[in-house]
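Overview (structure and organization)
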Amino acid sequence: MESLVDPVVLARGRELMYISIITLPMGVADALEALRLLGLDEGDVGEMARYISDLLEVSVEHYRVDLDPVTRSLFTKAVEGFYERVGYKVEGNPGSLKAMIAFMAKLVDDEVKALELGDVETARKLRVTQLRFLNTHVRPLLEGVIVSNERLSRAARILLDLVNKDIELLKDLLLEGDIAQPPGSHRTSVIE
């Protein structure tokens, strides 16, 4: 079944996904419901709820197994540099999955605000930044957890599936030029 979605509504839905991931450890019922609406079955939601606190604490220093040990030990600075280049400062460990997901929620929030103001170019730049960050930092971190931590691997795989879907959606939106519509336009995107 296809549904038509306005770009602002779509961005708000993406923001809700990232906020739900961050708030899940707090036992927020709305976070559980949002993840169900994203297509997670009860088993997946239960797995995420059970392990999300530990999963959000994983960090590049331990789980970027695709990097050599020296590079891995320095990689937190690279992630922190990414935040700073786009004008953000992160409290706590900038290499943690929690910081990365919070950063994504903030980027999508800024995208929503840009779309609401009709600032198409800023919204597009934010989507490009999100895509780069997910591909460069979030996806490889989750892949490292999957191969390195048996206890967290299923939850990491579930989260990676959500991230991969968001990556594909971002690619499609950027290729289609979906946000190039003027504010108030009634053109919609087709989401499957």
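Keep in mind that this is a model prediction, so the values were computed, not measured. (Residues numbered from 1 in each chain as written. Predicted model: local features only at pLDDT ≥ 70, side-chain atom pairs only at ≥ 80, totals over all residues. Heavy atoms only, no water.)

1. A closer look at the overall build of the protein chain
If you tally the helices and strands in the protein chain, you get 8 helices and 2 strands. Start at the N end of the protein chain and walk to the C end: the helices and strands fall as β-α-α-α-α-α-α-α-α-β. Counting only residues that meet the buried cut, the protein chain has 48% of its 192 residues in that class. (Helix = DSSP H or I, 4+ residues; strand = E, 2+ residues; numbered from the N terminus. Buried < 20%, exposed > 50% of the residue type's maximum accessible area, 1.4 Å probe, protein only.)

2. Remarks on the packing of aromatic side chains
Summed over all chains, the structure comprises 6 aromatic pairs. Taking 5.0 Å as the distance between ring centres and 55 degrees as the angle between the ring planes, the aromatic pair formed by Phe82 and Phe133 counts as tilted. Of this pair, Phe82 sits in helix α5 (residues 69–85) while Phe133 sits in helix α7 (residues 120–148), placing them 51 residues apart in sequence. Considered together, Phe82 and Phe133 belong to a single accessibility category, that of buried residues. Here the aromatic rings of Phe103 and Phe133 are separated by 4.7 Å at their centres, their planes lie at 70 degrees, and the arrangement is edge-to-face. (Phe/Tyr/Trp six-rings, centres within 6.5 Å; stacked < 30°, edge-to-face > 60°.)

3. So, the pattern of salt bridges
Taken as a whole and assessed by the stated rule, the structure comprises 19 salt bridges. Residue Asp166 is joined to Arg14 by a salt bridge in which the shortest nitrogen-to-oxygen separation is 2.5 Å. You can see Asp166 sitting in helix α8 (residues 150–176) and its partner Arg14 sitting in helix α1 (residues 7–23), a full 152 residues away along the chain. Overall, Arg14 belongs to the buried group, its relative accessible area being 4%. Through salt bridges with shared partners, a single ionic network connects Arg14, Glu111, Arg127 and Asp166. (Salt bridge = Lys/Arg side-chain N within 4 Å of Asp/Glu carboxyl O.)

4. A word on the packing of α5 against α7
Here α5 crosses α7 at 175 degrees, and the two axes come no closer than 12 Å. In terms of their interaxial angle, α5 and α7 are classed as roughly antiparallel. Between α5 and α7, the contacting residues are Phe75, Val79, Phe82 and Tyr83 on the first element and Thr129, Arg132, Phe133 and His137 on the second. Grouping the constituent residues of the contact of α5 with α7 by class yields 5 nonpolar, 2 polar and 1 charged. (Axes fitted to C-alpha atoms, helices over the stretch in contact; angles between N-to-C directions. Parallel < 35°, antiparallel > 145°, perpendicular 65-115°, else oblique. Contact = heavy atoms within 4.5 Å. Nonpolar A, V, L, I, M, F, W, Y, C, P; charged D, E, K, R; others polar.)

5. Regarding the packing of α5 against helix α6 (residues 97–117)
Helices that pack against each other are described as a pair by the angle of their axes relative to one another and the distance between those axes. Contact geometry of α5 with α6 gives a least axis separation of 12 Å together with a crossing angle of 15 degrees. The angle between α5 and α6 falls in the class roughly parallel. α6 is crossed by α5, and the crossing has left-handed handedness. Seen from α5, the contacting residues are Val79, Phe82 and Tyr83; seen from α6, they are Ala99, Met100 and Phe103. Looking at the contact of α5 with α6, its residues break down into 6 nonpolar, no polar and no charged. (Left-handed = near helix turned anticlockwise from the far one by under 90°.)

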